[in-house]
Amino acid sequence: MTEQDFIPKPYTNTLKQGKVTWESPSNIALVKYWGKRDPQIPENPSISFTLSQCKTITTLSYKQKEVTSDFSFDVFLDGEKKDAFKPKIETFFKRVEQYVPFLKDFHFTIETKNTFPHSSGIASSASGMSALALCLMSVEKLFNTEMSNTFFNQKASFLARLGSGSACRSVEGDLIVWGHTKHVAESSDLFGVKYPYTVHDNFKNYQDTILLIDKGEKQVSSTVGHNLMHNHPYAASRFQQAHDNLEKLKPILEAGDIKGFINLMESEALTLHGMMMTSNPYYILMKPNTLEVINRIWKFREDTGLHIGFTLDAGANVHILYPESEKVEILNFIENELVAYCKNGEYICDQIGFGANQIE
Ligand code: DP6
C-alpha cells in the first residue's frame with residue numbers, strides 16, 4: 001500500500017446531513033515510538049497493547065454547506081465548547097484533506113468525551129484522534145458503500161496516524177505494530193497492523209493498572225520530544241534497538257515468557273526516558289514518586305516472584321502490567337503500597353482490549 005491508495009475516486013452520490021459516533025480506546029506501547037519525520041512517519045517500529053476502559057467517545061455531526069472554501073467546525077468536550085482544540089483539528093484536517101476530500105463541503109460539530117479523568121495526564125491524543133478518524137471514515141463509507149472492512153480499518157488507522165502517531169495503533173487490537181520492520185510481515189510506516197504471530201495465553205486479558213502520579217501539564221510535549229530525536233547522539237542505535245526488540249519479542253510472546261517480556265518492556269520504558277535525559281535541551285518527566293513506585297515494584301517482584309512489571313509513557317505516570325492470573329495479589333499490593341504515591345490516590349484499572357466500536 002502507498003499513500004496514493006488512500007486517495008478516493010470522485011464520489012458519485014451526495015450527502016446532506018447526519019451524524020456518526022465512535023468510541024476508540026487508548027493504547028500502551030511496549031516498544032516505544034519516539035522520533036518521527038514528515039508526514040508523521042515513525043523513525044522506528046513500535047508495538048502496543050490496545051486498552052479497553054480508557055477511551056474517547058466522539059460524535060461527528062455533518063451538515064452540507066454552501067461555501068466550500070474553508071473548513072468549518074465546532075468542538076465540544078463534555079458538552080462545553082473547546083476552542084483550544086481547534087488548531088490541532090485544523091492541522092489534522094489540512095493533513096488528511098486529500099484523502100477525505102469532502103471536508104470543506106460540510107459544517108462539522110465534534111462532540112467528544114473521555115472515560116478517564118480529565119487532565120489525568122493520560123494522553124487523550126491516541127483515543128481522541130482515532131475516534132475522529134473513524135468518524136470521518138464512517139462518513140466516507142456513506143459516499144463509497146462498497147468499501148471493505150479491511151480497507152476501512154486500514155484507512156482509519158492511516159488518517160489517525162496523521163493526527164497523532166500513536167493513534168494509528170488504537171483502531172484495532174489486541175497487539176498492534178506500527179512502523180516498517182523486516183521482523184514483522186506486512187508492517188507499514190503508514191498504518192498499524194495486527195501483530196501476525198502466535199501469542200501465548202499468558203498474555204490474554206493482560207492487566208494494566210495506571211497509577212496517576214502527576215496530573216499537571218507536561219513540561220515538554222511529545223511533539224517537542226520527538227523533534228529532539230533529530231541529531232540526538234544516540235538516535236541511530238536507539239532506532240536499531242527498537243527493530244531488535246521487535247525481533248526479540250516474537251519468541252517471548254510465542255512461548256509465554258513473561259520474565260523476558262517484563263525485561264524488554266521495562267528496558268524500553270527506561271530507554272524512552274533515557275532519550276529524554278540525553279536530548280539537548282535535556283529534561284526529566286519522571287517524578288520522585290515515579291522512582292519510588294518503580295523501586296517498590298522491583299522489591300515486591302523479588303520478594304514474591306510474581307510477574308509484575310511496569311512501563312512509562314511520556315510522563316510521570318506508571319503503567320503496571322501483569323497477567324490476569326495474578327490480579328488479586330498484585331492489586332492488593334498496589335492498593336496497600338503504591339496508591340500512596342498517586343496524586344489524590346487516583347489510579348485506573350484497565351486491561352487489553354480489541355479496538356474501536358461504532359456506536360451510531
Ligand atoms: C511516548 O503519538 O503522542 O507515548 O505523533 O506527535 O502525536 P505525535 O506523538 P504521540 O507520541 C507517543 C509517544 C509515546 C510512545 C508510544 O506511544 O509509542
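- The name an unreviewed UniProt entry gives the protein is Diphosphomevalonate decarboxylase, with Meridianimaribacter flavus as the organism.

1. Quick look at helix H5 (residues 235-255)
- The terminal C-alpha atoms of H5 lie 31 Å apart, and with 21 residues this matches the ideal 30 Å at 1.5 Å per residue to within 8%.
- At Leu 249, H5 shows its maximal kink, close to 25°; a proline, Pro 251, follows between one and four residues later.
- Residues Ala 235, Arg 238, Phe 239, Ala 242, Asn 245, Leu 246, Leu 249, Ile 252 and Leu 253 constitute the buried set of H5.
- Contacts made by the buried residues of H5 are with strand E1 (17-31), strand E4 (46-64), strand E8 (175-178) and helix H6 (258-277).
- Following H5 by one or two positions, Gly 256 has its phi on the positive side, about 75°.

2. A word on the layout of surface pockets
- Looking at the second largest pocket, its volume works out to about 230 Å³.
- Lining the second largest pocket are 14 residues, with Pro 8, Lys 9, Tyr 11, Glu 140 and Asn 144 sitting closest to its centre.
- Where the lining of the second largest pocket is concerned, the elements lending two or more residues are helix H2 (125-143) and helix H3 (149-163).
- Partitioning the lining of the second largest pocket into residue classes produces 8 nonpolar, 2 polar and 4 charged.

3. Some remarks on the packing of helix H1 (residues 86-96) against H2
- The N-to-C vectors of H1 and H2 enclose an angle of 50°; their axes lie 12 Å apart at closest approach. Relative to H2, H1 is oriented oblique. Taken as a pair, H1 and H2 cross one another with a handedness that is right-handed. Between H1, through Lys 88, Ile 89, Phe 92, Phe 93 and Val 96, and H2, the contact on the second element is made entirely by Ser 125, Met 129, Leu 132, Ala 133 and Leu 136.
- Considered class by class, the residues forming the contact of H1 with H2 number 8 nonpolar, 1 polar and 1 charged.

4. A closer look at the packing of aromatic side chains
- Tallied over the entire structure, the rule returns 25 aromatic pairs.
- Taken together, a centroid distance of 5.9 Å and an interplanar angle of 25° make the contact between Trp 22 and Phe 152 stacked. With Trp 22 in strand E1 and Phe 152 in helix H3, this pair connects stretches of sequence that are 130 residues apart. For the pair Trp 22 and Phe 152, one class covers both residues: buried.
- With 4.8 Å between their ring centres and 90° between their planes, Tyr 99 and Phe 158 make a pair best called edge-to-face. Residue Tyr 99 is found in the loop between H1 and strand E7 (106-114), and its partner Phe 158 is found in helix H3; the two are separated by 59 residues along the sequence.
- Judged by relative accessible area, Tyr 99 falls into the buried class, the value being 7%.
- One aromatic cluster in this structure is built from Tyr 11, Tyr 62, Phe 71, Phe 73, Phe 92, Phe 93, Phe 102, Phe 106, Phe 108 and Phe 143.

5. Thoughts on the pattern of salt bridges
- According to the stated counting rule, one finds 13 salt bridges in the structure shown.
- A salt bridge links Arg 37 to Glu 43, with the shortest nitrogen-to-oxygen separation between them at 3.3 Å.
- When its relative accessible area of 41% is taken as the criterion, Arg 37 is described as partly exposed.
- Among the ionic pairs, Arg 301 bridges to Glu 266, the shortest N-O distance being 2.8 Å. With Arg 301 in helix H7 (residues 288-304) and Glu 266 in helix H6, the pair connects residues that are 35 residues apart, well separated along the chain.

6. Focus: the site of the ligand
- Near the ligand lie 15 residues; those nearest to it are Tyr 33, Lys 36, Ser 164, Gly 165 and Ser 166.
- Between the ligand and Lys 36 there is a distance of 2.7 Å, counted from an oxygen atom to a side-chain nitrogen or oxygen.
- One of the side-chain nitrogen or oxygen atoms of Ser 164 is found 2.7 Å away from an oxygen atom of the ligand.
- Looking at the shell around the ligand, its residues break down into 5 nonpolar, 7 polar and 3 charged.

7. Some thoughts on the nonpolar core
- With 73 residues, the main nonpolar core has Phe 93 and Phe 261 as its most contacted residues.
- Top contributing element to this core by residue count: H2, with 9 residues.
- Non-local contacts of Phe 261, meaning those with residues more than four positions away in its chain, are made with Leu 30, Phe 49, Phe 203, Tyr 206, Leu 249, Ile 252 and Leu 253.
- Membership of the second largest hydrophobic core comes to 24 residues, among which are Ala 269, Ile 308, Val 318 and Phe 333.

8. Considerations on empty space enclosed by the protein
- Evaluated as defined, the whole model comprises 1 cavity of 30 Å³ or more.
- Put simply, the largest cavity is a space of about 30 Å³.
- Around the largest cavity sit Phe 49, Asp 174, Leu 175, Val 199, Phe 203, Lys 204 and Ile 352, which together line it.

9. Examining the sheet that holds strand E12 (residues 318-322)
- Reading across the sheet, the 4 strands line up as E11-E12-E10-E13 and stay open at both edges, with antiparallel pairing between neighbours. Looking at the sheet topology across the chains shown, the edges are occupied by strand E11 (309-312) and strand E13 (347-351). Pairwise comparison of adjacent strand axes, ignoring direction, gives a mean angle of 25° for this sheet.
- Across 5 bridges, the pairing between strand E10 (residues 207-211) and E12 is antiparallel. Within E12, the position partnered with Thr 209 by the bridge is Ile 320.
- Contacts from H7 reach E10, E11 and E12 within the one sheet, and its direction differs from that of E11 by about 160°.

Cut-offs and rules
Residues numbered from 1 in each chain as written. Predicted model: local features only at pLDDT ≥ 70, side-chain atom pairs only at ≥ 80, totals over all residues. Heavy atoms only, no water. Helix = DSSP H or I, 4+ residues; strand = E, 2+ residues; numbered from the N terminus. Expected span 1.5 Å × (residues − 1). Bend = angle between axes of the 7 residues up to and from the residue. Buried < 20%, exposed > 50% of the residue type's maximum accessible area, 1.4 Å probe, protein only. Contact = heavy atoms within 4.5 Å. 1 Å grid on protein atoms, 1.4 Å probe; cavity = no way out; pocket = protein on both sides within 12 Å on 5 of 7 lines; lining within 4 Å. Points joined across faces, edges and corners; volume = space filled by probe spheres on them. Nonpolar A, V, L, I, M, F, W, Y, C, P; charged D, E, K, R; others polar. Axes fitted to C-alpha atoms, helices over the stretch in contact; angles between N-to-C directions. Parallel < 35°, antiparallel > 145°, perpendicular 65-115°, else oblique. Left-handed = near helix turned anticlockwise from the far one by under 90°. Phe/Tyr/Trp six-rings, centres within 6.5 Å; stacked < 30°, edge-to-face > 60°. Salt bridge = Lys/Arg side-chain N within 4 Å of Asp/Glu carboxyl O. Near = heavy atom within 4 Å. Polar contact = N/O pair within 3.5 Å; in protein donor to acceptor, adjacent residues only side chain to side chain. Core = buried A, V, L, I, M, F, W, Y, C linked by side-chain atoms within 4.5 Å. Pairing = 2+ DSSP bridges.

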